[in-house]
Amino acid sequence: MTRATRYPGPVAEAGIHHHDLVSRGFGSDAALAAVLDRYPAELFDINLYDFDDAGQASLRTGTRGSLSGAELLAAIHQGRLWVNLRGIETGWPELWEAALVDFRRIQAAYPGMRAVSNAGQLILSSPKARVPYHFDAAGVVLFHLRGRKRVFVYPGDEAHLPERCMEQVVARQTTEELPYDRTFEADARALDLTPGQALTWPVYAPHRVENLDAFCVSLSMEYQTWPSRLRTGALYTNAVLRSRGGAPRSTEAMDLPELAARWAASLALRRAGALKSRLGDFKRDFEPVVGAPDGARPLHA
């Protein structure tokens, strides 16, 4: 099998699996509205992405607002919103426990895939919502519960996934978006997801998402293995070294002892606050509204 990434890992290429979450009612309007009513506002990410003719994206972030769960759900149905509910493992433990059962079954299909940690976010997105080209600093299983979604997965080579950009994302100096060129589309693999399917892809693989004219619900479950944990730590250490004028070499060239040493260094550097996160600097400039264009209106309008 030809690997779709330069990094080692149990998943060599994107693949689709079955899951049982839909039959348990987790994607229904009633269940979602109830969760939205009780979910902590600080765990909401409410985003709007705007795209130019070259496919480059700009991000706008919003506040939870004062809508009821049912009203917020209606705004998502009607608008162009992408809503992430972080910390779903504690925010909706019933869904999380059920998803872990499916995750363990999927994990068993990949020799050597041994997750040492898991975290998740529930994604509610509007029919015309799109997410730009980006990567996740972990392995991912995307459980699709509702609607139709197309995921484009790209090779994990230096041309599509520059390590300098990875460092900035891991160190929280920027969001997950990567430099994008439309010529990348010749290298993409497009996979359409329907409810009851779960998608895996190689660790760190760049991807982007388009909803296919339907309100969509997905659970994104991140996992770390020891190899991915070590490499992610090494990327953080490299980001710190580069910020101090260093020129660290690619983690691709590092053997296991060097990756482990860089990971250990990252723990101390994080504790010391070596790089302050810049993600808290985003200004929230809209709130969701039922019936408004894009499902949102400017704050203080």
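Reading the values: the criteria
Residues numbered from 1 in each chain as written. Predicted model: local features only at pLDDT ≥ 70, side-chain atom pairs only at ≥ 80, totals over all residues. Heavy atoms only, no water. Buried < 20%, exposed > 50% of the residue type's maximum accessible area, 1.4 Å probe, protein only. Helix = DSSP H or I, 4+ residues; strand = E, 2+ residues; numbered from the N terminus. Arc of directions from axis to C-beta. Contact = heavy atoms within 4.5 Å. Axes fitted to C-alpha atoms, helices over the stretch in contact; angles between N-to-C directions. Parallel < 35°, antiparallel > 145°, perpendicular 65-115°, else oblique. Nonpolar A, V, L, I, M, F, W, Y, C, P; charged D, E, K, R; others polar. Pairing = 2+ DSSP bridges. 1 Å grid on protein atoms, 1.4 Å probe; cavity = no way out; pocket = protein on both sides within 12 Å on 5 of 7 lines; lining within 4 Å. Points joined across faces, edges and corners; volume = space filled by probe spheres on them. Expected span 1.5 Å × (residues − 1). Core = buried A, V, L, I, M, F, W, Y, C linked by side-chain atoms within 4.5 Å. Lys, Arg positive; Asp, Glu negative; His and termini not counted. Salt bridge = Lys/Arg side-chain N within 4 Å of Asp/Glu carboxyl O. Polar contact = N/O pair within 3.5 Å; in protein donor to acceptor, adjacent residues only side chain to side chain.

Asks: Tell me what's going on with helix 5 (residues 163–170), and back it up with residues and numbers.
Replies: Turning to helix 5, its buried residues are E163, M166, E167, V169 and V170. Each buried residue of helix 5 lies within a common arc of 165° when the element is viewed along its axis, so the set occupies one face. Elements in contact with the buried residues of helix 5: helix 6 (226–243) and helix 7 (256–271). At the C-terminal side of helix 5, R172 shows a positive phi close to 60°.

Asks: Give a description of the packing of helix 5 against helix 6 that names residues and reports values.
Replies: Relative to each other, helix 5 and helix 6 sit at 95°, their axes nearing to 8 Å. By the angle between their directions, the pair helix 5 and helix 6 is classed as roughly perpendicular. Only T232, L235, Y236, N238, A239 and R242 of helix 6 make contact with helix 5, whose side of the interface consists of E163, R164, M166, E167 and V170. In terms of residue class, the contact of helix 5 with helix 6 is made up of 5 nonpolar, 2 polar and 4 charged.

Asks: So what's going on with the sheet that holds strand 10 (residues 197–200)? Which residues, and what values?
Replies: Sheet strands line up and pair through hydrogen bonds in the backbone, either parallel or antiparallel. Ordered in space as 1-10-7-12-5-4-2-3-13-14, the 10 strands form an open sheet in which the pairing is mixed. With partners counted over all chains shown, the strands left at the sheet margins are strand 1 (15–18) and strand 14 (296–298), one partner each. With strand direction ignored, the average angle separating the axes of adjacent strands in the sheet is 30°. Note: strand 4 (residues 82–86) against strand 5 (residues 117–125), 5 bridges, orientation antiparallel. Counterpart to L85 in the pairing with strand 5 is L122. Packing against the sheet, helix 6 makes contact with strand 5 and strand 12 (216–224), and its axis sits at approximately 85° to strand 12.

Asks: Talk me through the layout of surface pockets; I want residue IDs and the actual numbers.
Replies: Its volume calculated, the largest pocket comes out at about 1,500 Å³. In this structure, the largest pocket is lined by 49 residues; those nearest its centre are R86, Q121, R172, E176 and E222. For the lining of the largest pocket, the element with the most residues is strand 5, which contributes 6 residues. Here the residues of the lining of the largest pocket are counted per class, giving 20 nonpolar, 18 polar and 11 charged.

Asks: Help me get a handle on the sheet that holds strand 6 (residues 130–134), residues and values and all.
Replies: In space, the 4 strands of this open sheet follow the order 6-11-8-9, with antiparallel pairing throughout. Of all the strands in the sheet, the pair left with one neighbour each is strand 6 and strand 9 (189–193). Across the sheet, the axes of successive neighbouring strands diverge by a mean angle of 15°, strand direction being ignored.

Asks: Tell me about helix 4 (residues 93–107), and please be specific about residues and values.
Replies: In a regular helix each residue adds 1.5 Å, so 15 residues correspond to 21 Å; helix 4 covers 20 Å between its end C-alpha atoms and thus fits that length. Looking at the buried positions of helix 4, the neighbouring elements they touch are strand 1, helix 3 (88–91), strand 5, strand 7 (139–146), strand 10 and strand 12.

Asks: Provide a residue-level description of the nonpolar core, including the pertinent values.
Replies: In this structure, L21, L81, W92, L122, L124, F143 and L219 are the most contacted members of the largest nonpolar core, which totals 43 residues. Only helix 1 (29–38), strand 2 (44–51), helix 2 (69–78), strand 4, helix 4, strand 5, strand 7 and strand 12 provide two or more residues apiece to this core. Core analysis: the second largest hydrophobic core is formed by 21 residues, F152, L161, A171 and Y180 among them.

Asks: I'd like to hear about unusual backbone geometry, residue by residue, with values.
Replies: In this structure, R172 takes a positive phi of about 60° despite not being glycine. Of note, R172 is situated in the loop between helix 5 and strand 9. Even without glycine at this site, D213 takes up a positive phi of about 60°. By secondary structure assignment, the location of D213 is in the loop between strand 11 (207–211) and strand 12.

Asks: Just give me the short version of the side chain of E163, but keep the residues and values in it.
Replies: Tracing the backbone shows E163 in helix 5. Among buried charged residues, E163 stands out as having no salt bridge; its nearest opposite-charge side chain is R6, 4.3 Å away. A polar contact of 2.5 Å, which involves the side chain of E163, links it to the side chain of T251.

Asks: Before we move on, can you summarise the pattern of salt bridges with the specific residues and values?
Replies: Tallied over the full model, the rule gives 16 salt bridges. Here R60 ties to D50 by a salt bridge, and the two come within 3.0 Å at their closest N and O atoms. On the criterion of sequence distance, the pair formed by R60 in strand 3 (residues 57–62) and D50 in strand 2 is long-range, its members being 10 residues apart. Its relative accessible area of 28% is what places R60 among the partly exposed residues. A salt bridge links E258 to R262, with the nearest nitrogen and oxygen atoms 3.6 Å apart. Taken together, the positions of E258 and R262, both in helix 7 and 4 residues apart, correspond to about one turn of that helix. Comparing E258 with R262 shows no difference in burial state: the two are buried. Several salt bridges share partner residues, and in doing so they unite D50, R60, R80 and D294 into one network.

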